[in-house]
Amino acid sequence: MSVLEIRELVAGVAGREILHGIDLSVEAGTVHAVMGPNGSGKSTLAHVLMGRPGYTVLGGSATLDGVDLLELAPWERSRAGLFLGMQDPIEVPGVSAMAMLAASTARHATAGDLGAILDAEATRVGYDVSLLSRSLNLGLSGGERKRNEMVQLAALRPRIAVLDEVDSGLDVDALRSVSARVEAATEEWGLGVLAITHWSRLLDVLRADVVHVMADGRIVANGGPELASELEETGYAAYAQHAGT
Amino acid sequence: MPTDAEEIWRYSRIGDCTIDAFVPAVPATDPVDAGEVAGSLPAPVAQMLRAIGAPSAFAVTRNGSLGGIEVAPELVHDGVSVAGVASRSPGDNVLGSVARGATDLFVELNDGFLHDALVVDIPPKVRCAAPIVIVHWVDADGAAVFPRTVVRAGAGAEAVVVEVVASDDVTALVVPVVELDIADDARVGHLGIQHLGRQVWQLGYQASRIAAGAELLSFTGAFGGFYARQRIDSVLAGERGVSNLLAASFGDDDQMLDFRTFQRHDAVRTTSDLLFKGALAGHARSVYSGLIRISPGARRSDALQTNRNLVLSEGAHADSVPNLDIQENDVRCSHASAVGPVDEDQRYYLESRGVPPAEAERLIVLGFFSEVLDRLPVPAVRDLAIGQVAAKFAGTSVEGQPGG
C-alpha cells in the first residue's frame, strides 16, 4: 500500500515562509481534499511536493513509500510515483504530450504501446486525440488543458496524484469527465489523491474520504465529506479568523 | 576593408578578418567532376541529397568553378535552363539585376572574382515538382571562393531551390551571392544550408525581388563556419507580393553567426514575415540586425520581424537589434526579439512528467526550432536541420551539465 506522508512541512517562496507546518497522510486508493481560501498556501503545497524551482523547504519531510521526496529532483519524484496536475499547465512550443511521455522515465506502470494508451485515455475523457501530437497546452481551452493533464496522469499511472485546482476554468462537462477519471483511477490502480480545491463542486463526482481545511499555511480543520458541504454553505470566514489568531 | 565602427558591421568579427591571407581560387581547367564532389560531402549533406532523390536539376561548383549540371529531361522540354552565364549570349545582363550596385566590399569582390555564375531560368508557368539542387563545395586551403547563383522565375512559375554551401576542413573565405528574381505570381522557395568547416569565413548575400502576386519562402540553415555572416535583402516590388524569411542557426565553441536582414516594401498590400531563430552554446556569439522599411505609398502593407535566441551556456552571447523605418501610415508592422536561456517553467513541466533535465532541454530546444522547420517544403532539408540541432545539442550537454 502506497502512502504519501507529509510531516511538519515548512516551506516558502522568495524568502517568505508560506507553509507553517503541514501534516498530511494520503494512502493508496483514498481521496483527500485540501480546501481553503485563496492565498492559504494550497498551491505552494502542490509545487513544494513536486519540487518547482524557486520554492524552498525550510523544515519537515515528505516521503512516498519511505522515499524522501524532498531530496529528489522533480523528474525523480515523478519516477518515484508522484504526479502533479497543474492549475495552469505550462505551454511548451514544439513539444507534444506524445513526445514528452515517450521520454518519461516514470512510465513503469504502463508498459505497452504509448499511442494506443493515449488514444484510449483521450477518448475516455473526451479529448481530441490529435491534440496529443501538437505543442503542449498551446492554444488549448481550460477544459482541454485539464483533460490533457488527465490523459498524462493515466499514461503515467502514478501512485499519488496531487491535483492543484484541477477544477478551475472547467465547464460542467469537463469537470465531470476529469473528476470521473480520477475517481476511476482510485479503483483501477489504487491511485491516492490529494485534491487541492477552492470549491466543493469537484467533490460531487470525485468522492473525498477526508477533507482538510487549510488557512494561512496551516491545516486548521479535518473531517469527512460533510465538511465540504458545510464549507459550501458557510464559506471560509470562520477558518480565516481561526488562522489569524 | 570595412570596420565594426560602421553600423552594418557592428558586433561583427570583421576586424579580425585578414582578407590578404586568402588567395582567390584559380578557375578549374578541367570540368568539375560532380560525382567526386558528391563523394566528398559531409555525411549529413550527402544523406540529405539522397533523401531528396531525383531532383529537377542538379549543379555543383568546386572552389567556385562550375561543373556537372544536369536537368531532368521533362524540364529541359519545358525550357528550364541551368547553365553558366559564360555560355549565354552576350548582352544578356543577368548579374546584378537583383543585387543592384555594390552592397558592400564582399559583393564587389564576388563581382570581380567569380569564375562563372550559375543561372537558373524557369520559364513562365513552368512548375518544377522536385527541388533544384545546387551544391557549392570548397576544399582549397587558403582560398577565397566566390559562388554566384541567379534564379529567375518567370510569371506563374513554381520551384524550390535547395542550395548547399559546404567545405572540407580547410581555412577559406567564402562569399556566396544569390539573386532571386521572382516575376508576377511566381512561387519560389530557396532553402540554403550552410555546412562550412570551423576555420571558414563566410560573407554571404542573398537579394530577392518579388513582383506582383509572387511569393518567396527563403530559409537559411546556418550551422558551420568560424564567422558566418549572411545578409538577406528582400524587396517587395509588386502589389500583394509575399516574402517569408526563415532562419535556424546553432553556434557552439567559438563560432559567430551573423545575420543582417532588410525587408523593403515598395508596393501596396505586400506582406513580409521574418522568423529567425538561433541557439548558442559554448562561447558562441550571434548577431541579428534587421530593418523593415515601408516605402511611401506601400499602403496596407503587413510586416513582421521576429528574432528569438536560446542561450544555452553562460559563455555564449546574442545581440538582437530589430529596426523599423515606416514611411506610410496605413500599415501593420511589428517586431519582436528575445534572448534568454531555456524557460525554467517549461523544463519543470517536462521534469514533473519524469523527463530527466538533459532530455527535457533537448526536447525544448528541438521544439523551439520546429516553428521554423515545420514550414520548410522539403522534408529532407528539415530533417538535416533537425539532425544538426540534435548533434550540436548533444555536444553541448557533455560539456555543460554540472553534475548531470
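Everything discussed here concerns the structure shown above.
This is a predicted model, so every value here is computed, not measured.

Visitor: Just checking my understanding: could you explain the nonpolar core for this structure?
Guide: General note: in soluble globular proteins, nonpolar side chains tend to be found buried as a group. Grouped together as the largest cluster of nonpolar side chains are 134 residues, with contacts concentrated most on Ile6 and Leu194 of chain A together with Met48, Phe219, Phe250 and Leu350 of chain B. It is helix H6 (residues 357–373) of chain B that contributes the most residues to this core, eight residues altogether. Not counting the four nearest positions on each side in its chain, Phe219 of chain B is found in contact with His190, Leu191, Gly192, Ile193, Leu246, Ala247, Ala248, Val372, Leu373, Leu376, Val381 and Ala385 of chain B. With 38 residues, the next largest nonpolar core counts Val80, Ala153, Leu180 and Ile182 of chain B among its residues.

Visitor: Would you mind showing me how to read the environment of Glu144 of chain A here?
Guide: All names here are of chain A. Structurally, Glu144 is set in helix H5 (residues 142–156). Considering only alpha carbons, one finds Glu144 and Leu170, 26 residues apart in sequence, at a separation of 8.9 Å. Non-local contacts of Glu144, meaning those with residues more than four positions away in its chain, are made with Tyr127, Leu131 and Gly139.

Visitor: Explain the sheet that holds strand S1 (residues 3–13) of chain A to me, please; I cannot follow it from the model alone.
Guide: The strands making up a sheet associate through hydrogen bonds between their backbones, and the pairing can be parallel or antiparallel. Residue and element names in this part refer to chain A. If you walk across this open sheet you meet the four strands as S2-S1-S4-S5, and the pairing is antiparallel. In this open sheet, the two strands that pair with only one neighbour each are strand S2 (16–27) and strand S5 (67–68). As defined by bridge partners, S1 adjoins strand S4 (residues 55–64) across eight bridges and the pair is classed as antiparallel. What sits directly across from Val10, in S4, is Gly59. Sheet strands in contact with helix H1 (residues 42–50) are S1, S2 and S4, and its direction is about 110° off that of S1.

Visitor: Sorry, what's going on with the packing of aromatic side chains here?
Guide: What characterises a pair of aromatic rings is the spacing of the ring centres plus the angle enclosed by the ring planes. Residue and element names in this part refer to chain B. If you walk through the whole model with that rule in mind, you get seven aromatic pairs over all chains. Taking 5.8 Å as the distance between ring centres and 55° as the angle between the ring planes, the aromatic pair formed by Trp9 and Phe106 counts as tilted. Linking Trp9 in the segment before strand S1 (23–24) with Phe106 in helix H4 (residues 105–113), this pair joins segments that are 97 residues apart in sequence. Exposure class is identical for Trp9 and Phe106. Each is buried. Aromatic pair Trp201 and Phe226: ring centres 5.4 Å apart, planes at 65°, arrangement edge-to-face.

Visitor: Help me understand the interface of chain B and chain A in this model?
Guide: Quite often, the size of an interface is put as the accessible area lost when its parts meet. Contacts between the two partners involve 19 residues from chain B and, on the opposite side, 30 residues from chain A. Ranking the residues of chain B by area buried against chain A places Tyr348, Tyr349 and Arg353 of chain B at the top, with a combined share of 42%. Linking chain B to chain A there are two salt bridges. A salt bridge links Arg353 of chain B to Glu149 of chain A, with the nearest nitrogen and oxygen atoms 2.7 Å apart. In this assembly, chain B and chain A are joined by 13 residue pairs in polar contact (both at pLDDT 80 or more). Of all the secondary structure elements, the ones that give two or more residues to the side of chain B that touches chain A are helix H5 (344–351) and H6 of chain B.

Visitor: So what exactly am I meant to see when it comes to unusual backbone geometry here?
Guide: A negative phi angle characterises most non-glycine residues, just as the trans form characterises most peptide bonds. Residue and element names in this part refer to chain B. In the Ramachandran plot, Tyr11 falls in the positive-phi region, its phi being about 70° despite a non-glycine side chain. Residue classification places Tyr11 among the partly exposed residues on the basis of a relative accessible area of 31%. Not every positive phi belongs to a glycine, and Arg300 is a case in point at roughly 55°. For Arg300, the position within the fold is in the loop between strand S19 (285–294) and strand S20 (302–311).

Visitor: Just to check I follow, could you spell out the sheet that holds strand S9 (residues 158–167) of chain B for this structure?
Guide: Residues and elements named next belong to chain B. Taken together, ten strands build an open sheet; the order of strands is S3-S2-S6-S9-S12-S14-S16-S18-S20-S22 and the sheet is mixed. Only two strands of the sheet have a single neighbouring strand rather than two, namely strand S3 (65–71) and strand S22 (332–340). Strand-to-strand twist across the sheet, computed as the mean angle between neighbouring axes with direction ignored, equals 10°. As judged from the five bridges shared by strand S2 (residues 57–62) and S3, these two strands associate in the antiparallel manner. Bridge assignment links Thr61 to a residue of S3, and that residue is Leu66. On the sheet, helix H2 (residues 43–52) packs against strand S6 (132–138), S9 and strand S12 (187–195) and is oriented at approximately 160° with respect to S9.

Visitor: What's the story with H2 of chain B in this structure? I'm lost.
Guide: Note that an α-helix has 3.6 residues per turn; residues three or four places apart therefore point the same way. Residue and element names in this part refer to chain B. Within H2 the residues assigned to the buried category are Val45, Ala46, Met48, Leu49 and Ile52. The buried side chains of H2 occupy one side of the element, clustering within an arc of 160° when seen end-on. Across H2 from its buried face, at more than 90 degrees, point the exposed residues Ala43, Gln47, Arg50 and Ala51. Looking at the residues trailing H2, positive phi occurs at Gly53, about 80°.

What counts as what
For every chain, the first residue of the written sequence is number 1, and numbering continues from 1 onward in sequence order. Written order determines the labels here, with chains lettered from A and ligands numbered from 1. In keeping with the predicted nature of the model, local features appear solely for residues at pLDDT of at least 70, side-chain atom pairs appear and are counted solely at 80 or more, and the whole-chain, interface and lining totals rest on all residues. Calculated side-chain values reflect all of the structure's heavy atoms, with hydrogen atoms and water omitted. By nonpolar core we mean a set of buried residues, namely Ala, Val, Leu, Ile, Met, Phe, Trp, Tyr and Cys, connected to one another through side-chain atoms within 4.5 Å. Residue burial is assigned from relative accessible area. The probe radius is 1.4 Å, only protein chains are included, and a residue is buried under 20% of its type maximum, exposed over 50%, and partly exposed in between. Helix and strand definitions here come from DSSP, where helices need a minimum of 4 consecutive H or I residues and strands a minimum of 2 consecutive E residues; each element is numbered from the N-terminal end. Any two residues whose heavy atoms approach within 4.5 Å are treated as being in contact. Whether two strands pair depends on DSSP finding at least two bridges between them. Fitting a line to C-alpha atoms yields each axis, with helices limited to the stretch in contact; the angle taken between N-to-C directions then spans 0 to 180 degrees. Pairing of aromatic side chains here covers Phe, Tyr and the six-membered ring of Trp, requires ring centres within 6.5 Å, and sorts the geometry by plane angle: under 30 degrees stacked, over 60 edge-to-face, intermediate tilted. For any pair of parts, buried area is found by adding up, for both, the accessible area (1.4 Å probe) each one loses once the two are put together. The rule for a salt bridge is simple: a side-chain nitrogen of Lys or Arg has to be within 4 Å of a carboxyl oxygen of Asp or Glu. The definition of a polar contact used here is a pair of N or O atoms within 3.5 Å, where within protein one atom must be able to donate a hydrogen and the other to accept one, and adjacent residues in sequence count solely through side-chain atom pairs. Each C-beta atom gives one direction from the helix axis, and the arc is the one those directions make.

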